[in-house]
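As a plain string of letters, each chain reads:
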Amino acid sequence: METLAHAQAVGVLEVAIAFLSHMIESFKHLEELAAERDLADVFLETDEQEHGIPADQILMALRKRREVMRDCVERGKQGGVSMGKLVGNEAKLLSEAFRSGRTFLDPLTVKAELYALAVMGENSRMGVIVAAPTAGAGGVVPGMLLALEEERGVDPEKTVRALVVAGGIGSIIALSANISGAAGGCQNEVGVASSMGAAAVAYMMGGSTRQSIHAAALALKNTLGLVCDPVGGLVEVPCVKRNALFAVHGLTAAQLALAGVESVIPMDEVVEAMVRIGRALPRGLKETAEGGLATTATGCAIGSRLKEEANQRRDERAAERERIAQERKIGVGS
Ligand code: SF4
């Protein structure tokens, strides 16, 4: 099921580039290294030292990714049906409600939801997206960052540097955790995305390194136990809407951290807890589509329908191959 669930992400670019640095071995270490420094600079420097990639090259690559995210949001707002026909028009609906004044939340929150839905709609139609950290969780970070950039008038270059922060935070998590729903449930995907985005938003809003790390911890610890139960094995239900909800979750975590609220459990220990919980989760709740929402009455009915359609397509392809082979035989004989 892992293959099925992630196969939808065609043309995926990754946000982390080469940040799998072993020079920053923990969040405690990061805080010591970067207490009084610009967090993006610290990640760029360690990356250059460890991987030999100059900072300007990384920033250029991330400018490109920001553009891809923006394009993806614009396309996603137009709507369209997903591969499994389960989702696709959520962004369009929210966009229309927003434009016609039918939303009641503040614009930053609505746009964070909207942009996350738009990206995930594109993902569900095999469009080009930026994995952050995975395709299935690819709406959370752009939802938060692009909405904030627009609504608070943030310099786009600051957004690019915030992507460095998001990638760096994700990479430290990845040193001890496998970032996939198959390994540890959705906490390892959407939870991690929310955590990366929260740290990046705290950074964009002028927060300290300590505040970014606490934003990451507040976001991640409140996703612990989140299971991966994609209906029919497709990254559609609950994934698309989950991205929107957890983009707002990440913004909330950043807001708390910027106000001085801290996580009692340090970020390194939150990650350890996530790994332990992921191991303890039953197989049926780790991207197998054999538990949770995937095995509700509706989930099962959709799963059966998808299987029937897949079998029908397979039979049609086999019949077509057979027809072509027969035609060739006749052609050779005549
Ligand atoms: S439920 Fe979460 S982890 Fe599982 S496929 Fe969907 S987004 Fe990925």
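Structural data are supplied above this passage.
A brief look at the structure comes next. Owing to the predicted nature of the structure, the values given are computational and were not obtained by experimental measurement.

Basis of the calculations
Residues numbered from 1 in each chain as written. Predicted model: local features only at pLDDT ≥ 70, side-chain atom pairs only at ≥ 80, totals over all residues. Helix = DSSP H or I, 4+ residues; strand = E, 2+ residues; numbered from the N terminus. Rg over C-alpha atoms; globule rule 2.2 N^0.38 Å. Contact = placed C-beta atoms within 7 Å. Buried ≥ 20, exposed ≤ 12 C-beta atoms within 10 Å, placed from the backbone. Expected span 1.5 Å × (residues − 1). Core = buried A, V, L, I, M, F, W, Y, C linked by C-beta atoms within 7 Å. Near = placed C-beta within 6 Å. Nonpolar A, V, L, I, M, F, W, Y, C, P; charged D, E, K, R; others polar. Axes fitted to C-alpha atoms, helices over the stretch in contact; angles between N-to-C directions. Parallel < 35°, antiparallel > 145°, perpendicular 65-115°, else oblique. Left-handed = near helix turned anticlockwise from the far one by under 90°.

### Here's the deal with the overall build of the chain
Along the chain, the regular secondary structure elements total 14 helices and two strands. In terms of C-alpha radius of gyration, the chain reaches 21 Å, essentially the compact-globule figure of 20 Å for 334 residues. The dimensions of the chain, computed from C-alpha atoms along their principal axes, are 80 × 50 × 40 Å. Across the chain, the fraction of contacts at a sequence separation of at least 24, relative to all contacts at a separation of at least 6, is 81%.

### Concerning the environment of isoleucine 179
Among the structural elements, isoleucine 179 can be located in the loop between helix H8 (156-176) and helix H9 (181-184). In this structure isoleucine 179 comes out as buried when scored by C-beta crowding, with 20 C-beta atoms within 10 Å. A sequence separation of 14 residues divides isoleucine 179 from alanine 193, and the C-alpha atoms of the two residues are 9.8 Å apart. Residue contacts for isoleucine 179: discarding those within four places in its chain leaves Pro133, Thr134, Ala174, Asn188, Glu189 and Val192.

### Quick look at helix H3 (residues 39-51)
Each α-helix winds once per 3.6 residues, and so residues spaced three or four apart point in a common direction. Helix length check: H3 (13 residues) gives 18 Å between terminal C-alpha atoms against 18 Å at 1.5 Å per residue, within 8%. Inspection of H3 places Leu39, Ala40, Val42, Phe43, Leu44, Thr46 and Asp47 among the buried residues, and these make up the whole buried set. Buried residues along H3 sit in contact with helix H2 (27-34), helix H4 (55-77), H8, helix H10 (190-204) and helix H11 (209-221). Looking one or two residues past H3, glycine 52 carries a phi angle of roughly 70 degrees, positive in sign.

### Some words on the nonpolar core
For soluble globular proteins, nonpolar side chains are generally found buried alongside one another. Counting residues in hydrophobic clusters, the biggest one holds 96 residues, and the most contacted among them are Val165, Ala199, Ala200, Val201 and Ala215. Ranked by residue count, the leading element in this core is H10, at 11 residues. Leaving out residues up to four positions away in the same chain, alanine 215 has contacts with Ala198, Ala199, Val201, Ala202, Ala253, Ala254 and Ala257.

### A look at the site of the ligand
Around the ligand, a shell composed of 14 residues is seen, among which Gly136, Gly181, Cys186, Cys228 and Cys239 lie nearest. The residue makeup of the shell around the ligand, split by class, is nine nonpolar, two polar and three charged.

### Quick word on helix H7 (residues 140-152)
Taking 1.5 Å of rise per residue, 13 residues should cover 18 Å, and H7 covers 18 Å from first to last C-alpha, within 8% of that figure. The complete set of buried residues in H7 reads Val140, Val141, Pro142, Gly143, Met144, Leu145, Leu146, Ala147, Leu148 and Glu149. Elements in contact with the buried residues of H7: H4, helix H6 (107-124), strand S2 (129-131), H8, H10 and helix H12 (239-258). Note on H7: the residue one or two positions beyond its end, glycine 153, has a positive phi of about 65 degrees.

### A closer look at the packing of H10 against H12
Running from N to C, H10 and H12 cross one another at 40 degrees; their axes reach a closest spacing of 8 Å. The angle between the axes of H10 and H12 places the two elements in the oblique class. As for the relative orientation of H10 and H12, their crossing is right-handed in sense. Across the interface between the two elements, Val190, Ala193, Ser194, Gly197, Ala198, Val201 and Ala202 of H10 pack against Arg242, Asn243, Phe246, Ala247, His249, Gly250, Leu251, Ala253, Ala254, Ala257 and Leu258 of H12. Its residues assigned to classes, the contact of H10 with H12 comprises 12 nonpolar, five polar and one charged.

### So, unusual backbone geometry
For the bond from alanine 132 to proline 133, the omega torsion is 0 degrees, close enough to zero to count as cis. Along the chain, proline 133 turns up in the loop between S2 and H7. In this chain, valine 237 is followed by proline 238 through a cis amide linkage whose omega measures 10 degrees. Position of proline 238 among the secondary structure elements: in the loop between H11 and H12. With a phi close to 60 degrees, lysine 85 is a non-glycine residue in the positive phi region. By the element assignment, lysine 85 lies in the loop between H4 and helix H5 (90-99). If you check the backbone angles, alanine 289 has positive phi at about 60 degrees while not being a glycine. C-beta crowding within 10 Å serves as the criterion here: with 23 such atoms nearby, alanine 289 is assigned to the buried category.

### Some remarks on the packing of H3 against H8
Where H3 meets H8, the axes come as close as 8 Å, and the angle between the chain directions of the two elements is 65 degrees. As for how H3 packs across H8, the hand of that crossing is left-handed. Where H3 abuts H8, its residues Leu39, Ala40, Phe43 and Leu44 lie against Arg161, Val164, Val165 and Gly168.

### Let's talk about the environment of leucine 256
Positionally, leucine 256 belongs in helix H12. With 19 C-beta atoms packed within 10 Å, leucine 256 lands in the partly exposed category. It is 28 Å that separates the C-alpha atoms of leucine 256 and arginine 102, two residues lying 154 residues apart in sequence. If we skip the residues at most four places from it in the chain, leucine 256 touches Leu218 and Val261.

All quantities given are derived from atomic positions and should not be read as evidence of function.
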